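If you want the building blocks of each chain, they are given just below.
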Amino acid sequence: MEIRTRFAPSPTGYMHIGNLRTALYAWLHARKNGGKFILRIEDTDQARLVEDSVRVIYESLRVTGLDHDEGPDKGGPVGPYVQSERRPVYREYADKLLASGHAYRCFCDKTEKQEEPAQGEDKPQEGGEEGGAPILGYDGRCSRLSEAEVRANLDKGLPFVVRQRIEKEGTTSFKDFIYGDITVDNKQLDDQILLKRDGFPTYNFANVVDDHLMGITHVMRGCEYLSSTPKYILLYKAFGWDYPEHIHLPHILGPSGKKLSKREGSVALSDFLNRGYLPEAVLNYIALLGWNPGTEQEYFTMPDLVKTFDVARIGKAPATFDEVKLAWLNGQHIKALPAEKAHELFAGFYPAGLESVDLKRLSAHIQGKVEKPCDIPQMVSFLAKLDEGYSPELFVNKKNKTTREGCLATLADLKPLLSGLPAWDYQAILDSLTAYAGGKGLKIGAVMWPLRIALSGQTVTPTGAVEIAELLGREEAVRRLDLGMGKLGAG
RNA sequence: GGCCCCUUCGUCUAGCGGCCUAGGACGCUGCCCUUUCAAGGCAGAGAUCACGGGUUCGAAUCCCGUAGGGGGCGCCA
């Protein structure tokens, strides 16, 4: 049988990184097995519709390359693929349940379930503790309405919802692909609402109907649905349908150990993209959150992932999102980029003031070093403008055994040397420095160090000292040399 | 609170009864590279496998309990 997976986001206005991982796994599972990947929009909450958010979904899938075979924009044999356009379908299936007694109309007020239990009748009794909270949200009173009472209410035009009728005897079990056998007592299962007062289905109902009608073979979703799945299983049974394979995914946690949320930092794909993370790096990273290939490989291109991915190697424990490791992986992906692509990526991050600098060359120089392009402005700002307040102590470096006096002498020698160079290019500068170091019996590092400090005013630079000199141009380089000597002389 | 799930270095993870004196990666520390700080290469520190009982000749791996964490209990998904 052909594998069919689906991604079913609701239009919230942004692509949550956790949802993206769900999409990725579903997509990988389909692609890996030559199946189909379907996009379905779950917009059944009229109060929460967000303008333009469907576009965000399409755009996210496009930029990440998670292409779908069927969906609202592409059509397909089992549409429509937008839940708000499927209302007659839900109505029809709710009626079936009503007719078979697996569902009933509930005329209770929205707030009624929150009332204190009246004169202590038909409350589920548990543990004998007085004042104990009810286990279920709804006490099921409308399930006991007679046919005549229902008719009367209907005639009065009372609004109602449709609830699932769940026998409170016995247990319900299913086998989750990741978590194994799950069994719950039916008395834990609420008579959940299937159809809301406004006629829209709840997620709880729509997901079952749609997954079945759309021929989904593998339901992949976050494990927050694990505890409600028994109710869905009962729905499948009520309809007499086989149920699909359930693959619940462990959560992605934020740094505090709570579910990844906006409070703790970035959760939207766009947040990462805006900072210069590559889509393939983000995908590579989140693929590893909860899944591993069983080998020591961590760097994956998308084709690699398709080849290697296997749902059997998805774990159970939640994973903490670590942006430091994401950044490292992003650096790996940046290194693998063709030079022009890297430059394109970096170009948007160069600050003003670099007009005199050959940016293409700069890009080539820093490509091996950039992890997050959003760091570029502060990495290269010294090229535009030297922070002249840097401390002369920076010239002292224990590894290269440099001292202030030594650096001063070196810079003093370097100035005429560089000023007199016939050509100003990387090789010429490097050769002259190498020759100078050789002649003085100095290690090259001992010459490069003071040059770097004088040219940049900082100990760590995104490129070598020679590249800096070249990028700066002779005039500015010599000016900075003078400035450095001034500092050392004065100190 | 009743219910469901989870628990191996700071973090992501390998491990599915003996190969584990627990392996890899990020991060951290040190060394090397002497076309340089960085990058790269190499090395090191870092986990009494949440805890307590069992089962077994033998347990991170199986069973039971405890603790901690998460989920969920919505006319949200």
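This text goes with the structure placed above it.
Remember, predicted model here, so these are calculated numbers, not experimental data. (Residues numbered from 1 in each chain as written. Chains lettered and ligands numbered in written order. Predicted model: local features only at pLDDT ≥ 70, side-chain atom pairs only at ≥ 80, totals over all residues. Heavy atoms only, no water.)

Okay, the state of the cysteines next. As enumerated under the stated definition, the model contains 0 disulfides in all. Take C108: it sits in no disulfide, and the sulfur closest to it among the cysteines is that of C142, at 3.5 Å. We classify C108 as buried; its relative accessible area is 11%. (Disulfide = S-S within 2.5 Å. Buried < 20%, exposed > 50% of the residue type's maximum accessible area, 1.4 Å probe, protein only.)

On to helix α13 (residues 376-384), then. The complete set of buried residues in α13 reads I376, M379, V380, F382 and L383. Down the axis of α13, the buried side of the element spans an arc of 145°, and every buried residue falls inside it. (Helix = DSSP H or I, 4+ residues; strand = E, 2+ residues; numbered from the N terminus. Arc of directions from axis to C-beta.)

Spatially, 3 strands are ordered β3-β4-β7 in an open sheet, and the strand pairing comes out antiparallel. Looking at which strands have only one partner, the edges of the open sheet turn out to be β3 (103-106) and β7 (193-195). Recorded for the sheet is a direction-independent mean angle of 45° between the axes of neighbouring strands. (Pairing = 2+ DSSP bridges. Axes fitted to C-alpha atoms, helices over the stretch in contact; angles between N-to-C directions.)

In this section: the pairing of strand β6 (residues 180-185). Inspection of the sheet shows strand β5 (residues 171-176) paired to β6 by 6 bridges, in the antiparallel sense. Bridge pairing links D176 to G180 in β6. In textbook terms, the turn of a hairpin is the stretch between consecutive antiparallel strands, and for β5 and β6 this stretch comprises 3 residues.

The next subject is the environment of P80. When you line up the elements, P80 lands in the loop between α2 (53-64) and α3 (87-100). Its relative accessible area of 29% is what places P80 among the partly exposed residues. For the pair P80 and E70, spaced 10 residues apart in sequence, the C-alpha to C-alpha distance is 9.9 Å. Residues contacting P80, with those up to four places away along its chain left out, are E85, R86 and M214. (Contact = heavy atoms within 4.5 Å.)

Attention now moves to the side chain of S432. Mapping S432 onto the fold places it in helix α15 (residues 426-440). A relative accessible area of 11% places S432 in the buried class. Those residues in contact with S432 that sit more than four places away from it in its chain are L417, L418 and L421.

In this section: the environment of G71. The residue G71 is located in the loop between α2 and α3 in this model. When its relative accessible area of 0% is taken as the criterion, G71 is described as buried. Through-space distance from the C-alpha of G71 to that of L145 is 41 Å; in sequence the pair is 74 residues apart.

With that settled, the discussion passes to the packing of aromatic side chains. All chains considered together, the criterion is met by 16 aromatic pairs. Between Y93 and F239, the ring centres sit 5.6 Å apart and the planes meet at 75°, which makes this aromatic pair edge-to-face. With a gap of 146 residues between them, Y93 in helix α3 and F239 in helix α6 (residues 229-239) connect regions that are remote in the sequence. Judged by relative accessible area, which is 13%, Y93 ranks as buried. (Phe/Tyr/Trp six-rings, centres within 6.5 Å; stacked < 30°, edge-to-face > 60°.)

Further remarks concern the packing of helix α14 (residues 404-419) against helix α16 (residues 444-456). α16 packs onto α14 with a crossing angle of 80° between their chain directions and a minimal axis gap of 10 Å. By the criterion of interaxial angle, the relationship of α14 to α16 is roughly perpendicular. Listed contacts from α16 to C407, T410, L411, L414 and L418 of α14 are V447, P450, L451 and A454. Looking at the contact of α14 with α16 residue by residue, the class counts come to 8 nonpolar, 1 polar and no charged. (Parallel < 35°, antiparallel > 145°, perpendicular 65-115°, else oblique. Nonpolar A, V, L, I, M, F, W, Y, C, P; charged D, E, K, R; others polar.)

The next point concerns the packing of α16 against helix α17 (residues 465-472). Axis separation between α16 and α17 bottoms out at 9 Å; the angle between their running directions is 40°. Classed by the angle they form, the pair α16 and α17 counts as oblique. Pair α16 / α17 crosses with left-handed handedness. Here α16 contributes M448, L451, R452, L455 and S456 to the contact with α17, which in turn contributes A465, V466, I468, A469 and L472. Broken down by class, the residue content of the contact of α16 with α17 amounts to 8 nonpolar, 1 polar and 1 charged. (Left-handed = near helix turned anticlockwise from the far one by under 90°.)

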